[in-house]
Amino acid sequence: MATTLSQSDLPGLDLIHRGKVRDVYDLHDGRLLMVASDRLSAFDVVLPDPIPGKGEMLTQISNFWFAKTAHLLPNHLTGDDVASVLPAGVDPGLYAKRSVVTKKLKPVPVECIARGYLIGSGWKDYQATGKVSGIELPSGLQQAQQLPQAIFTPSTKAAVGDHDENIDFATAAATVGESLATQVRDATLKLYAFARDYAAERGIILADTKFEFGTDDSGTLYVMDEILTPDSSRYWPADSYHVGTSPPSYDKQFVRDYLETLDWNKRAPGPNVPADVIAKTRAKYAEALQRLAGIDA
């Protein structure tokens, strides 16, 4: 049975970050405990209604991809048992599938995005300038069209409630250094290409995805946080893909579409979401988990 958790409560552990979805605890031994809640955010606002089991599904998809891509780049997972770090009296069943024990790394302060298709903010930038993150693209491309080759389009890391902004490679290099920027660019495109090809074999298009990276004390690069989930990626069913329109996706599009019908200024507090929209959204996450990882939610 899926569990529901809007906010973790782990007395005695040091909560150092509560994000849109994840709560992060410092174990003060070189490790972190990351808990994926069922919180739902849209337009950078956390909504009042959770998606039951969403955090479990996201964590299982991430863990699947971390294992699949370990030969390409090391990741932050330690493999340590979650129950072993939980405070006494906490139900381990509530945290087992939605939590991981990770290495404590120094985050690279840039969002690392790979785009294989022209959609979202990339499509808007292209319409305005003919470029995405400073990269000149051929003229005449249509919405959702596959790019001649995947591109690296970094963005700033915004605080909760703020919006990320697309930046060019030079700005990323000025932020983190040329060598590290080159490393994360190459890792981003390599991970994307592997996942794109794997998903394609399962009838799914990976249009774009966002990675987060960190380094250890020796400077080794790791992929961390979440990886290739429906929250950090655009997955489209290949059988409903058409150039020129925004395809349906395996994510919270049902919620976004509902919110667009409301008279809401897209600022906190967010509105309640009807039960049928929540159920449809949960079903999309579950379908992605099954089709990509072969796991039933």
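Residues numbered from 1 in each chain as written. Predicted model: local features only at pLDDT ≥ 70, side-chain atom pairs only at ≥ 80, totals over all residues. Heavy atoms only, no water.

**Student:** Quick one: what's the story with the sheet that holds strand 3 (residues 31–36), residue by residue and with numbers?
**Tutor:** With antiparallel pairing, the 4 strands of this open sheet are ordered in space as 1-2-3-6. Each having just a single partner strand, strand 1 (14–18) and strand 6 (99–103) make up the two edges of the open sheet. Strand-to-strand, the axes of this sheet are offset by a mean angle of 25°, without reference to chain direction. Sheet topology note: the strand 1/strand 2 (residues 22–26) ladder contains 4 bridges and is antiparallel. When the bridges of strand 2 are listed, Leu15 appears paired with Tyr25. In the packing of helix 1 (residues 54–68) onto the sheet, the strands contacted are strand 2, strand 3 and strand 6, and the crossing angle to strand 6 comes to about 45°. (Pairing = 2+ DSSP bridges. Helix = DSSP H or I, 4+ residues; strand = E, 2+ residues; numbered from the N terminus. Axes fitted to C-alpha atoms, helices over the stretch in contact; angles between N-to-C directions. Contact = heavy atoms within 4.5 Å.)

**Student:** Quick rundown of the packing of aromatic side chains? Include the residues and the values.
**Tutor:** Applying the stated criterion across every chain, the model contains 10 aromatic pairs. Aromatic side chains Tyr117 and Trp236 sit 5.5 Å apart centroid to centroid with 75° between the ring planes, which places their arrangement in the edge-to-face category. Placement of the pair is Tyr117 in strand 8 (residues 112–117) and Trp236 in strand 14 (residues 233–237), with a sequence separation of 119 residues. Assigned by exposure class, Tyr117 and Trp236 land together as buried. Note on Phe152 and Phe169: the rings are 6.5 Å apart at their centroids and 70° apart in plane angle, and the pair reads as edge-to-face. Of this pair, Phe152 sits in strand 11 (residues 146–152) while Phe169 sits in helix 4 (residues 169–176), and the two are 17 residues apart along the sequence. Taking the relative accessible area as the measure of exposure, Phe152 reaches 6% and is therefore buried. (Phe/Tyr/Trp six-rings, centres within 6.5 Å; stacked < 30°, edge-to-face > 60°. Buried < 20%, exposed > 50% of the residue type's maximum accessible area, 1.4 Å probe, protein only.)

**Student:** Can you break down the environment of Ala195 residue by residue, with the values?
**Tutor:** For Ala195, the location among the structural elements is in helix 5 (residues 178–200). Taking the C-alpha atoms as reference points, Ala195 and Trp65, 130 residues apart in sequence, are found 8.2 Å from one another. The residues touching Ala195, leaving out its near neighbours within four places in the chain, are Trp65, Leu206 and Leu228.

**Student:** Tell me about helix 4, and name the residues and values.
**Tutor:** Listed in full, the buried residues belonging to helix 4 are Ala172, Ala173 and Val176. Considered in projection along helix 4, the buried side chains sweep an arc of 100° and stay on one side of the axis. Of the exposed residues in helix 4, the ones pointing more than 90 degrees away from its buried face are Ala170 and Ala174. On the buried face of helix 4, the contacting elements are helix 5. Among the residues trailing helix 4, Gly177 stands out with phi positive, at a value near 100°. (Arc of directions from axis to C-beta.)

**Student:** Any details on the side chain of Lys252? Residues and values, ideally.
**Tutor:** For Lys252, the position within the fold is in the loop between strand 14 and helix 6 (253–260). One buried charged side chain, Lys252, makes no salt bridge at all; its nearest oppositely charged neighbour is Asp231, positioned 4.3 Å away. In this structure Lys252 touches Leu40, Ser41, Asp231, Thr281 and Tyr285, once residues within four positions along its chain are discounted. (Lys, Arg positive; Asp, Glu negative; His and termini not counted. Salt bridge = Lys/Arg side-chain N within 4 Å of Asp/Glu carboxyl O.)

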